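Here's the letter readout for the chains.
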Amino acid sequence: MPEQITLSVNGRSVTVPQGATVAVAVAMAEAHCRNSVNGEPRTVLCGMGICFECRVQINSSLHQRSCQMLCSPGMQVRTDG
Amino acid sequence: MSAKIYDVVIVGAGIVGAACAHECSQSGLRVAVIDQDVIGGGATAAGMGHIVVMDDSDAQFALTRYSQTLWQELRPELPEDVEYEQCGTIWVATDEEEMTEVLRKHAYYSRQGVSVEVLNPGDIERLEPNLRKGMVGGLLVPDDGVLYPPCAARFLMDQAQGRGVTLHLQQTVAQIGKGQLHLADGTRFSSATIVNAAGTWASALTPGIAVKKRKGHLVITDRYPGFVRHQLVELGYLKSAHSVTADSVAFNVQPRQTGQLLIGSSRQYGPEHKEVDPHVLGRMLERAQHYLPALAKTSAIRVWTGFRAATPDKLPLIGPWPSDPSIYLATGHEGLGITTSLATAKLLVDQITGRTSAIPYEPYLPSRSATLEHAHA
Amino acid sequence: MANARKHFDVLVVGGGPAGLAAAVSAAEHGARVGLVDDNPALGGQIWRAGVVGHGPGAARWIQRLEATGIEILCGTRVFDSPTQNSLHAEIESGLLELNYQKLVLATGARERFLPFPGWTIPNVMGAGALQALVKSGFPVSDKRVVVAGTGPLLLAVAAYLREHGAKIELICEQASLASLALFAVSILKLRDKITQGLSLRKELAGVRFVAGSWPVTAEGDGALTAVVVSHGQKLEKIACDFLACGFLLVPNTVLPALLGCRLQNGFVEVDRYQQTSVGGIYCAGEPTGIGGVDLSLIEGQVAGSAAAGHAEASRSLFGERRKLQRFSQALDRAFALRSELRGIALPETIVCRCEDVTYERLKPYTSWRNAKLQSRCGMGPCQGRVCGPATEFLLGWSPDSVRPPVFPVRVENLGAMVRDLVPQDSELLRGPQ
């Protein structure tokens, strides 16, 4: 059993295994990643860093691809909803 | 093959050609437009799309101001995708010398009835919190705006086509002159007036025009709504845009309606290739980050280059070409083609139809070109 | 900011099977090798490690990798090649300038997505994406999943998800039963492939599989609740939590194109030693032709050996490579996309997800460039990587020329080209000049 990490998604505490991507934490928080230009909710499409649908704010950085970033303890993730 | 007969044939479906087609069709002329590519595919697609009043010269001021008024009149008709946004321009002063320029500009614009406001350091910080601290002041020109040029050109062309203008895209013009236009495929057009609105390609069709390519680079970021709220321009911009020889970069950032940031600008004579020049790009972005430090962490999604059609005296060529009175020129707008397209079209059609013009057209006549050629050399 | 400059005899871009094999082969021939990948860990898509570590296939290569002292640079995104024999890459802390004598491009492939009503609803995702999410720690147990699209990848994904507790409601394969049967016959000679197929059959026992079937609508408000699939004549609605779909793979050729490598029919052209049209630049794996893990490993070994100056060392692999290439051709034929798939996007269906551009807004235009300028299709951060292959299939448009940056990059790093490379001649223009 891998070690567990706790981080925050939209202020909600989420625990994931070490090595999990931020996209996993967002999915476990039952959040979506971004609102599209016309305001539709979007989440991961490609899962490999190409489609940019999984962009979220990580700590103070906007437009981070959640599928390419690993979770770290205490990370603050903000999504559009 | 018999020739197709028109009152006016326009070469170039960029913003200037489209505006000319739009204006001609409103005057009831029979018009055809020909372009080697698509609508707005050249400098129109590459440019920043500002609608600004500039005062490099009295003539430039008159033309940009007239044209800005025309854009504002057209604004209620513009579809959403033209993204017209009256964000205003702030000319940013970093020292006392630049502040002197702010005050001069303020006096000049005010005298001509253009609304302007001098900003103190506190105003600047409040209006644009992402600008580096320590600015000496600035000048706000609230009526300036930005739009998305390819869709603006398409809108003007759509309107023209609705009034019967015919559009021929992806056609190569082999030659123009003496009321005749030949396409590379042999098609002939016959017309009393042929408008050369081919931008940087204009001199290939009409040799001897004093138009040179001036390369520029632009960068666009992902969406950061509210990062800047006005078009921001350094006052050094005037100086670097003025120089007709050296490569130069200047700070010019626009907030697009999408929330994206459009970052410019660079000016180079000489390069003919479209490739990004890493040195120029680097200098340009360094300059932008000098003014907007937080820009460093924003995500740049695209870089491109384009070529402005530049004349030595920074004024466009609008009117008949002295060596062939059937040819009218509408080119040489350098970095102000989007702003001045509508006024160009008015002045051109004024001359073609003998109407009275709203502002004097003499400063833009191509007949001044003999002296211009000299200036280029 | 930690800008740094690195030098390698052989630089490999891409840490999937082809890149791993290339890096290992080059290093075992004595070259100083760097291996770069955008992902947080090696393995590429097929061998993604996730939270439980690498599987046995990958582990064997990673063990060899670790024995050679290759410098591994994960989380490293190549975005430009400002000068010859040099790439610029972005890392979390800054910019890397990667200089090389020889370069191996093993940039892999991505899934092709076809737009259909509802494909933008959360939890409609790539088959590989859902698998990646699960590998990365997402608990999929008891989730109802429909797998749809085409190709052998669907079965592999379905088997993986099932093994992790997902309920596979249906596997929709757009290819007809007839072409699948022909394919089965054509691969009879390839023993290991058959074994692989048989083993999946065991893992997928009891799962409903329908050929000649494809998704037409995904439903759900905020998240997926059901998918409607077409079986040709009749429609069927299936309640589900996830729709995992993919319509074959598209090679990642942007970086090869940026470097001037010649493409043919969308793939990078290579000689028998995997060298591209640009001397000293090699390419291996999916960008040279979609062929799967085994072919990628062989091509990677050939490219890595050649890049390290031992081109002839891998001659013994040429025969196997030919055989696997024939297999991949059979695959292409069997899973060719049916024309009905062009009809599943409705006028109001979004095609460009970055800019929310609908199908009807694209239809008036004749070219990708024209549509881009007028509608912003392809102008978002994915730079057309999703909508490009879709419009290629739907409208027959060919992609634009490639310009740097080939990936979005922080402004500070785009600008750093000058700061670090040309230290003195870039003084700022100051004040009035």
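Worth saying up front: this structure is predicted, and the values here are computed from it rather than measured. (Residues numbered from 1 in each chain as written. Chains lettered and ligands numbered in written order. Predicted model: local features only at pLDDT ≥ 70, side-chain atom pairs only at ≥ 80, totals over all residues. Heavy atoms only, no water.)

1. Examining the overall build of chain C
- When helices and strands are tallied, chain C shows 13 helices and 22 strands.
- Computed over the C-alpha atoms, the radius of gyration of chain C is 22 Å, within 12% of the 22 Å expected from 2.2 N^0.38 for a compact globule of 433 residues.
- Taking the principal axes of the C-alpha coordinates as reference, chain C spans close to 70 × 60 × 40 Å.
- Expressed as a percentage of its 433 residues, the buried residues of chain C come to 59%.
- Counted over contacts in chain C with a minimum sequence separation of 6, partners at least 24 positions apart contribute 65%.
- Total accessible area computed for chain C in this model is approximately 16,900 Å², and 51% of it derives from carbon and sulfur atoms.
- Computed over 44 positive and 40 negative side-chain charges, the separation of the two mean positions in chain C equals 5 Å. (Helix = DSSP H or I, 4+ residues; strand = E, 2+ residues; numbered from the N terminus. Rg over C-alpha atoms; globule rule 2.2 N^0.38 Å. Buried < 20%, exposed > 50% of the residue type's maximum accessible area, 1.4 Å probe, protein only. Contact = heavy atoms within 4.5 Å. Areas by Shrake-Rupley, 256 points an atom, 1.4 Å probe, with all protein chains shown as cover. Lys, Arg positive; Asp, Glu negative; His and termini not counted. Charge placed at Lys NZ, Arg CZ, Asp CG, Glu CD.)

2. Quick look at unusual backbone geometry
- Residue glycine 264 of chain B is joined to serine 265 of chain B through a cis peptide bond whose omega torsion reads 0°.
- For serine 265 of chain B, the position within the fold is in strand E15 (residues 260–269).
- In this structure, proline 405 of chain C follows proline 404 of chain C across a cis peptide bond, with omega equal to -5°.
- Not every positive phi belongs to a glycine, and lysine 178 of chain B is a case in point at roughly 50°.
- Residue placement: lysine 178 of chain B occurs in the loop between strand E9 (173–177) and strand E10 (180–183).
- A positive phi angle is found at glutamine 383 of chain C, which is not glycine, with a value near 55°.
- Looking at where glutamine 383 of chain C falls in the secondary structure, it is placed in the loop between helix H11 (368–375) and helix H12 (387–395).
- The class of glutamine 383 of chain C is partly exposed, set by a relative accessible area of 23%.

3. Some points on the interface of chain C and chain A
- Contacts between chain C and chain A engage 39 residues on the former and 34 residues on the latter.
- Carbon and sulfur atoms make up 61% of the surface buried where chain C meets chain A, a total of about 2,800 Å² over both sides.
- Summed over the shared surface of chain C and chain A, the number is three salt bridges.
- Residue arginine 353 of chain C pairs with glutamate 53 of chain A through a salt bridge whose shortest N-O separation is 2.5 Å.
- In this structure, the connection of chain C to chain A is made through 13 residue pairs in polar contact (both at pLDDT 80 or more).
- At the level of elements, strand E7 (109–111), strand E8 (124–126) and helix H3 (127–135) of chain C are the ones that each hand at least two residues to the side of chain C that touches chain A.
- In terms of residue class, the side of chain C that touches chain A is built from 20 nonpolar, 10 polar and nine charged. (Buried area = accessible area lost by both parts, 1.4 Å probe. Salt bridge = Lys/Arg side-chain N within 4 Å of Asp/Glu carboxyl O. Polar contact = N/O pair within 3.5 Å; in protein donor to acceptor, adjacent residues only side chain to side chain. Nonpolar A, V, L, I, M, F, W, Y, C, P; charged D, E, K, R; others polar.)

4. A word on H12 of chain C
Residues and elements named next belong to chain C.
- Among the nine residues in H12, seven count as buried, and that is most of the element.
- All of the buried residues in H12 are Cys387, Gly388, Pro389, Ala390, Thr391, Phe393 and Leu394.
- On the buried face of H12, the contacting elements are E7, strand E16 (249–251), strand E20 (350–352), helix H10 (359–362) and H11.
- A positive phi of about 75° marks glycine 396, the residue just after H12.

5. Examining the confidence of the model for chain C
- Per-residue confidence for chain C averages 91 on the pLDDT scale, and 93% of its residues sit at or above 70.
- Per-residue pLDDT stays below 50 along residues 418–433 of chain C; that stretch engages in 40 contacts with residues further than four places along the chain or on separate chains. (pLDDT = per-residue confidence, 0-100.)

6. Comments concerning the sheet that holds strand E10 (residues 167–173) of chain C
Residues and elements named next belong to chain C.
- Taken in spatial order, the five strands line up as E8-E15-E9-E10-E11 in an open sheet, and their pairing is parallel. In the strand order of this sheet, the two ends are held by E8 and strand E11 (209–211), each with one partner. For this sheet the average axis-to-axis angle between neighbouring strands, irrespective of direction, equals 20°.
- Bridge count for strand E9 (residues 144–150) against strand E15 (residues 242–247) is six bridges, and the pairing is parallel. From the neighbouring strand, valine 146 faces E15, where its bridge partner is leucine 243. (Pairing = 2+ DSSP bridges. Axes fitted to C-alpha atoms, helices over the stretch in contact; angles between N-to-C directions.)

7. As for the side chain of glutamate 53 of chain A
Residue and element names in this part refer to chain A.
- Note that glutamate 53 resides in the loop between strand E4 (41–42) and strand E5 (55–58).
- Under the relative-accessibility criterion, glutamate 53 is labelled buried at 1%.
- A polar side-chain atom of glutamate 53 sits 3.1 Å from a polar atom in the side chain of arginine 42.

8. Describing the pairing of strand E14 (residues 235–239) of chain C
All names here are of chain C.
- Here strand E13 (residues 226–230) pairs with E14 via five bridges, running antiparallel. Note on E14: the bridge partner recorded for alanine 226 is alanine 239.
- The antiparallel pairing of E13 with E14 creates a hairpin that spans four residues between the two strands, and glycine 232 there sits at a positive phi of about 95°.

9. Topic: the interface of chain B and chain C
- Contacts between chain B and chain C engage 48 residues on the former and 34 residues on the latter.
- Summed over both partners, the interface of chain B with chain C buries about 3,600 Å², with 53% contributed by carbon and sulfur atoms.
- Sorting the residues of chain B by area buried against chain C places Glu286, Ile301 and Arg302 of chain B first, and these three jointly supply 15% of that buried surface.
- Here chain B is connected to chain C by four salt bridges.
- Here arginine 376 of chain C makes a salt bridge to glutamate 83 of chain B, at a shortest N to O gap of 2.6 Å.
- At the junction of chain B with chain C, the criterion picks out 15 residue pairs in polar contact (both at pLDDT 80 or more).
- Every element with two or more residues in the side of chain B that touches chain C is listed here: helix H4 (96–111), helix H6 (149–162), strand E12 (212–223), helix H8 (236–242), strand E14 (248–255), E15, helix H9 (278–291) and strand E16 (299–310) of chain B.
- Element by element, the count of residues in the side of chain B that touches chain C is highest for H9 of chain B, at 10 residues.
- Where E16 of chain B meets strand E22 (residues 409–410) of chain C, two bridges bridge the pair, whose relative direction is antiparallel. Each residue of the ladder has a partner; that of serine 299 of chain B, found in E22 of chain C, is arginine 410 of chain C.

10. A closer look at the packing of aromatic side chains
- In the structure shown here, the tally under the stated rule is eight aromatic pairs over all chains.
- One aromatic cluster is present, formed by Phe61, Tyr108 and Tyr109 of chain B through successive ring pairs.
- Directly above the aromatic system of phenylalanine 307 of chain B lies the positively charged group of lysine 213 of chain B, at a separation of 4.9 Å from the ring centroid.
- A cation over a ring is seen here: arginine 385 of chain C above phenylalanine 407 of chain C, with NZ or CZ 4.3 Å from the ring centre. (Phe/Tyr/Trp six-rings, centres within 6.5 Å; stacked < 30°, edge-to-face > 60°. Lys NZ or Arg CZ within 6 Å of the ring centre and 35° of its normal.)

11. Regarding the environment of alanine 300 of chain B
- Along the chain, alanine 300 of chain B turns up in strand E16.
- Along the chain, alanine 300 of chain B and arginine 132 of chain B lie 168 residues apart, while their C-alpha atoms are 20 Å from each other.
- Not counting residues within four places of it along the chain, the set of residues in contact with alanine 300 of chain B comprises Val219, Ile220 and Thr221 of chain B together with Pro405, Pro408, Val409, Val411 and Leu414 of chain C.

12. Comments concerning the pairing of strand E4 (residues 89–93) of chain B
All names here are of chain B.
- For E4, a buried count of five out of five residues is recorded, marking the element as mostly surrounded by other parts of the structure.
- Side chains Thr89, Trp91 and Ala93 project from E4 onto one buried face, and the interleaved Ile90 and Val92 project onto a second face that is buried too.
- Two strands pair when backbone bridges link them, and E4 and strand E6 (residues 137–141) are joined in this way by five bridges, in the antiparallel orientation. Looking across to E6, one finds that alanine 93 is bridged to glycine 137.
- Two elements, E4 and strand E13 (residues 231–234), share four bridges in a ladder whose sense is parallel. Paired with isoleucine 90 across the strands is leucine 232, a residue of E13.

13. Some remarks on the packing of helix H3 (residues 58–74) of chain B against helix H10 (residues 337–353) of chain B
Residues and elements named next belong to chain B.
- In contact at an axis separation of 7 Å, H3 and H10 are set at 95° when each is read in the N-to-C sense. Of the possible angle classes, the one that applies to H3 and H10 is roughly perpendicular. Residues Leu63, Thr64, Tyr66, Ser67, Leu70, Trp71 and Leu74 of H3 touch H10, and the partners they reach there are Ile338, Thr339, Thr340, Ser341, Leu342, Ala343, Lys346 and Leu347.
- Its residues placed into classes, the contact of H3 with H10 shows nine nonpolar, five polar and one charged. (Parallel < 35°, antiparallel > 145°, perpendicular 65-115°, else oblique.)

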